[in-house]
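The chain contents come next:
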Amino acid sequence: MAAAAAAVGGRGGGAGAGAGPGRRWLLCLWLCAALLPRAARGLTEGLYCGRRVCYEVLGVSRQASKAEIARAYRQLARKYHPDRYRGEAAAPGGGGPQAAHEKFLLIATAYETLKDEETRKDYDYMLDHPEEYYRHYYHYYSRRLAPKVDVRIVILVTVCAISVFQFFSWWSSYNEAINYLATVPKYRIQATEIARQQGLLNKTKEKGKNRRSKEEIREEEEEIIKDIIKNKIDIKGGYQKPKIYDILLFQILLAPFYLCKYIVWYCWWIYCFTIKGQEYGVEEKLYIIRRYMKMSQSQFDSLEDHQKETFLERQLWIRENYEVYKREQEEELKKKMAMDPRWKRYRRWMKNEGPGRLTFIDD
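Structure report, in brief. (Residues numbered from 1 in each chain as written. Predicted model: local features only at pLDDT ≥ 70, side-chain atom pairs only at ≥ 80, totals over all residues. Heavy atoms only, no water.)

## Regarding the pattern of salt bridges
Then, in step 1: Tallying each qualifying case throughout the model produces nine salt bridges.
Then, in step 2: Measuring nitrogen to oxygen at the nearest pair gives 2.8 Å for the salt bridge that ties glutamate 215 to arginine 218. With glutamate 215 and arginine 218 both in helix α10 (residues 214-232), this residue pair falls three residues apart, about one helical turn.
Then, in step 3: With a relative accessible area of 45%, glutamate 215 lands in the partly exposed category.
Then, in step 4: Among the salt bridges present, the one from glutamate 332 reaches lysine 336, with a minimum N-O distance of 3.8 Å. (Salt bridge = Lys/Arg side-chain N within 4 Å of Asp/Glu carboxyl O. Helix = DSSP H or I, 4+ residues; strand = E, 2+ residues; numbered from the N terminus. Buried < 20%, exposed > 50% of the residue type's maximum accessible area, 1.4 Å probe, protein only.)

## Points about unusual backbone geometry
Then, in step 1: In this structure, tyrosine 48 is a non-glycine residue whose phi angle is positive, near 55°.
Then, in step 2: Structurally, the position occupied by tyrosine 48 is in the loop between α1 (2-35) and α2 (54-58).
Then, in step 3: The phi angle at lysine 294 is positive, at roughly 55°, despite the residue not being glycine.
Then, in step 4: Within the fold, lysine 294 resides in the loop between α13 (282-293) and α14 (297-301).
Then, in step 5: Given the relative accessible area of 75%, lysine 294 is considered exposed.

## Side note on a nonpolar patch on the surface
Then, in step 1: On the surface, Tyr133, Tyr134, Tyr137, Tyr141 and Leu145 cluster together into a nonpolar patch covering about 600 Å² of accessible area.
Then, in step 2: When you line up the elements, tyrosine 134 lands in helix α7 (residues 133-145). (Patch = residues over 30% accessible without salt bridge, like charges linked within 9 Å, V, L, I, M, F, W, Y side chains within 5 Å. Areas by Shrake-Rupley, 256 points an atom, 1.4 Å probe, with all protein chains shown as cover.)

## A word on the nonpolar core
Then, in step 1: By size, the foremost hydrophobic cluster in this structure holds 27 residues, and its most contacted members are Leu58 and Tyr123.
Then, in step 2: Of the residues forming this core, the biggest block, seven residues, is contributed by helix α3 (residues 66-80).
Then, in step 3: Trp269, Ile289, Met293 and Trp317 belong to the second largest nonpolar core, which has 14 residues in total. (Core = buried A, V, L, I, M, F, W, Y, C linked by side-chain atoms within 4.5 Å.)

## Regarding helix α5 (residues 97-115)
Because each turn of an α-helix spans 3.6 residues, side chains separated by three or four positions in sequence point in the same direction.
Then, in step 1: Under the 1.5 Å per step criterion, the end-to-end length of α5 is 27 Å for 19 residues, consistent within 8% with the ideal 27 Å.
Then, in step 2: Within α5 the residues assigned to the buried category are Ala100, Phe104, Leu106, Ile107, Ala110, Tyr111, Thr113 and Leu114. (Expected span 1.5 Å × (residues − 1).)

## A word on a negative patch on the surface
Then, in step 1: On the surface, a cluster of negative charge is contributed by Glu216, Glu219, Glu223 and Asp227.
Then, in step 2: Judged by its relative accessible area of 41%, glutamate 216 falls in the partly exposed class. (Lys, Arg positive; Asp, Glu negative; His and termini not counted. Charge placed at Lys NZ, Arg CZ, Asp CG, Glu CD.)

## So, the state of the cysteines
Then, in step 1: In total, this model carries one disulfide according to the counting rule given.
Then, in step 2: Linked covalently through their sulfurs, cysteine 49 and cysteine 54 form a disulfide whose S-S length is 2.2 Å. Negative torsions about the S-S bond denote left-handed disulfides, and the value of about 115° found for cysteine 49 with cysteine 54 makes this one right-handed.
Then, in step 3: Exposure remark for cysteine 54: the relative accessible area of 0% places this residue in the buried category. (Disulfide = S-S within 2.5 Å.)

## With respect to the packing of α13 against helix α15 (residues 305-313)
Helix-helix packing: each pair is described by the crossing angle between the helix axes and the interaxial distance.
Then, in step 1: Relative to each other, α13 and α15 sit at 95°, their axes nearing to 11 Å. By the angle between their directions, the pair α13 and α15 is classed as roughly perpendicular. Touching Val282, Lys285, Leu286, Ile289 and Met293 of α13 are Lys308, Phe311 and Leu312, all from α15. (Axes fitted to C-alpha atoms, helices over the stretch in contact; angles between N-to-C directions. Parallel < 35°, antiparallel > 145°, perpendicular 65-115°, else oblique. Contact = heavy atoms within 4.5 Å.)

## Concerning α13
Then, in step 1: Its twelve residues give α13 an end-to-end C-alpha distance of 17 Å, which sits within 8% of 16 Å, the value for a rise of 1.5 Å per residue.
Then, in step 2: Buried residues along α13 sit in contact with α12 (255-275), α14, α15 and α16 (319-339).
Then, in step 3: After α13 finishes, the residue lysine 294 shows a positive phi value of roughly 55°.

As C-alpha cells, this is what we get:
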C-alpha cells in the first residue's frame, strides 16, 4: 500500500511539475491580451460620444455611408426627441424624460461626429489607435474651437472697412480745409480775380428764361471759387488731397514693392555717398535734415519754402550745425514761454497752488 501510494504520488508530482510551466504560459498570454489596446479602451469621457461608440449609438457599421448615417439619425431623433417623447419607446428600461433627453443629446453628438468627413476620419483613427490620446485631444479641441469663418476673410474685410473709413475721413478733412480757405480774404480775393479773368462769374448772371435766383447764383459762385482754390493751392500736411494709394489696403498690397524700392535706394545711397564719396544734392540734404528733425514726409512738405532755404543756408545736414540750430530753437522757445502771459500765470499757479504745496483749508 505504501509503495502504491508512493507510485501514485510520484505520478501526481510529475504531472504537477509538468503543468506548472503551462499555467505560467497561459497567465502570460492572458496578461498580454489584457494589455493589448482595444478600441473601447481608447474612448475617453468628454471626447465625441464619451465611453460609447458613435456607430453603436446610431446603430450603423463603420462602413456605413453618409445617407445611411443620416437615415439612422432621423429615425432615432423622431423616437427620442423631447417634443415627441413617449415614455415606453424612449425609455424602455423605465427611465423618464431626463433619460430620453440625454439619449437624444448622445444621438445628436454621434451624428455631428460622423456626418463630417474630417471629423469622422479623426474618430476612426482614434478607434484604431487608442493609445495616442494626446493626439486625439488636440484634434478634437482644435476642430471644436476653430473659428467657423476663415480668418483670412475676417482680416480682409477689416482692412477694407478701415480703408474705406480712412479714405472718406481724409476727404472730409480736405473739404473742411477748402471751405476754410474760401473764407480767408487773401485766397478768396485771388480766386475771385482768376474767375473773372476766365469769365466764369459772368456766366452765372444770365437773363431771360435761364434767369436764376440770387441764392442759386451765390451758391454757384461759391462752388467756382472753391474749385479754383482746389486747382491753384497745393494743400500739404494732414489736410492734403487724399490719394487712393495712401489708404491701408493699397499700402499692404504695395508693401513688397516699397520694400524692394527702399533696398535699392539704400544700396544706391551707400554706393554713391559712402563708397564713392560724392557730395549730397539738394534732395539728399533735405532728406538728412528731415531725419535729424524726426519729421514725416508730409510734415516736412508742409513747411514753407523759405524755411527749407534757411535749413540749406545754415547747412543743417551737417550734424554739428544741426545741434547748434537745435539749441538756438530751444533757447528761443524758452524766451517766448517766459514772455507769454499764460505761461507766467501757469508758473505762478504752480508756485502757489500747484503740486508740492501743503495747504490747510478750514471747513
